[in-house]
Amino acid sequence: MTASTHVFLRRVAATLAGLALAGSAMAQAFPTKPVTLMVPYPAGGPSDSVARSLNNTLGKHLGQSVVVENLGGATGGIAAQKVLAAPSDGYMVFQGSPNELILSPLANLAVKFKSEDFRLVQMIESTHIALVTRPDLPANNADELLAYARKQAAAGKPITYASVGPGSFYHLLGEHLSKVTGIPMVHVPYKGAAPANQDLLGSRVDIFLAPYGKNYEEFHKQGKLKVLAMLNRERMEGVKEYPAISESQALKDFTFNTWSGLFVKKDTPEPVVQALHKAMSETLGDAQVRANLEANSRVPAKPQSLAAVSKVYTDGTAQYRAIAKSIDLKPQ
């Protein structure tokens with residue numbers, strides 16, 4: 001080996017060592033100021049409750065406060081684009097799901113990003129999907145609902161279903177329900193679950209295939225709305241009082257759930273991603289955080305490696321795009 005080769009290799013080794021030290025220093029330095037947790041829906045909705053279940057504990061593990069910011073619109077697209085417009089330094093992170101990051105770009109021409117522009121840092125929770133109706137709708141189970149919907153459609157008055165925006169997972173579920181039953185239904189989009197619930201309580205919309213929260217339990221008990229079923233294959237812990245959709249005759253296979261996670265821009269430095277991943281993993285191990293999530297009928301995620309969560313996001317992207325294709329979703 002020549003002397004010049006030795007010099008070159010020593011320089012490469014020194015450079016790599018310098019990069020490793022710089023990365024370590026960056027990880028130790030982050031964060032030096034408060035971190036913003038961007039929630040893509042208005043305050044008071046299910047996503048907001050998840051954020052406020054964990055932000056203080058996440059802040060404790062990061063060593064800085066985590067401030068929740070709510071920004072609805074474009075099925076989460078406006079909030080996602082604000083995160084993408086911020087520096088790639090980890091100080092603005094996105095609490096989202098396939099709903100906002102995979103489906104929104106497929107449905108909304110105004111949304112210019114791709115799901116690949118984000119990186120999943122850690123999953124937070126998975127969510128039961130409930131079949132909820134206005135309180136005065138004349139049906140007490142899924143099969144009675146379909147009979148009513150078929151009758152209304154034949155009379156030229158198709159039932160309406162709410163969603164958190166065009167192209168959202170809940171919009172696709174409504175379209176899929178209409179397709180598999182052959183019953184025409186009318187989509188009514190909202191900026192989030194909170195305004196959709198307001199119109200459901202006021203009987204201004206008929207049904208909502210919605211992320212289940214404890215507020216539905218109270219409203220159901222008070223007769224302010226009806227929870228007809230959960231879109232699960234079997235009755236599950238925490239929601240056993242409601243029928244699983246598999247118990248119906250017509251919708252045995254109409255089973256779905258969804259999940260949320262902590263995301264950053266794809267070009268966020270690796271040491272920062274690792275610091276956020278470590279803090280979020282520790283947060284998920286906190287008993288009070290898990291209790292808070294469970295109190296809102298969420299199923300807390302088990303911490304996974306960065307490689308594992310990357311696969312979850314990749315697989316989810318393929319699955320949700322397939323659902324969108326099955327109903328011929330067109331961007332508007």
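Residues numbered from 1 in each chain as written. Predicted model: local features only at pLDDT ≥ 70, side-chain atom pairs only at ≥ 80, totals over all residues. Heavy atoms only, no water.

Caption draft 1: Structural detail: the pattern of salt bridges. Summed over all chains, the structure comprises 15 salt bridges. Salt-bridge contacts for Glu69 lead to Lys82; the nearest nitrogen and oxygen are separated by 2.6 Å. With Glu69 in strand 2 (residues 66-70) and Lys82 in helix 3 (residues 77-85), this pair connects stretches of sequence that are 13 residues apart. For Glu69, a relative accessible area of 24% translates into the label partly exposed. Take Lys82: its relative accessible area is 35%, and that puts it in the partly exposed class. With its nearest N and O atoms 2.7 Å apart, the salt bridge here joins Glu270 to Arg119. Placement of the pair is Glu270 in helix 9 (residues 270-284) and Arg119 in strand 4 (residues 118-133), with a sequence separation of 151 residues. According to the relative accessible area criterion, Glu270 is partly exposed, its value standing at 33%. Because the salt bridges share partners, they merge into one network encompassing Arg134, Asp136 and Asp206. (Salt bridge = Lys/Arg side-chain N within 4 Å of Asp/Glu carboxyl O. Helix = DSSP H or I, 4+ residues; strand = E, 2+ residues; numbered from the N terminus. Buried < 20%, exposed > 50% of the residue type's maximum accessible area, 1.4 Å probe, protein only.)

Caption draft 2: Representation of the packing of aromatic side chains. For the structure on display, the rule yields twelve aromatic pairs. Summarising the aromatic geometry, the rings of Phe113 and Phe118 are spaced 5.7 Å apart at their centres and angled 75° between planes, so their arrangement reads as edge-to-face. Judged by its relative accessible area of 5%, Phe113 falls in the buried class. Aromatic side chains Trp259 and Phe263 sit 6.4 Å apart centroid to centroid with 20° between the ring planes, which places their arrangement in the stacked category. We classify Phe263 as buried; its relative accessible area is 0%. Among the aromatic residues, ring-to-ring pairing joins Phe169, Tyr170, Phe208, Phe254, Phe256 and Tyr320 into one connected group. If you follow Lys33 out to its NZ or CZ, it ends over the ring of Tyr91, 4.7 Å from the centre. (Phe/Tyr/Trp six-rings, centres within 6.5 Å; stacked < 30°, edge-to-face > 60°. Lys NZ or Arg CZ within 6 Å of the ring centre and 35° of its normal.)

Read these as layout, nothing more, since geometry by itself doesn't imply function.
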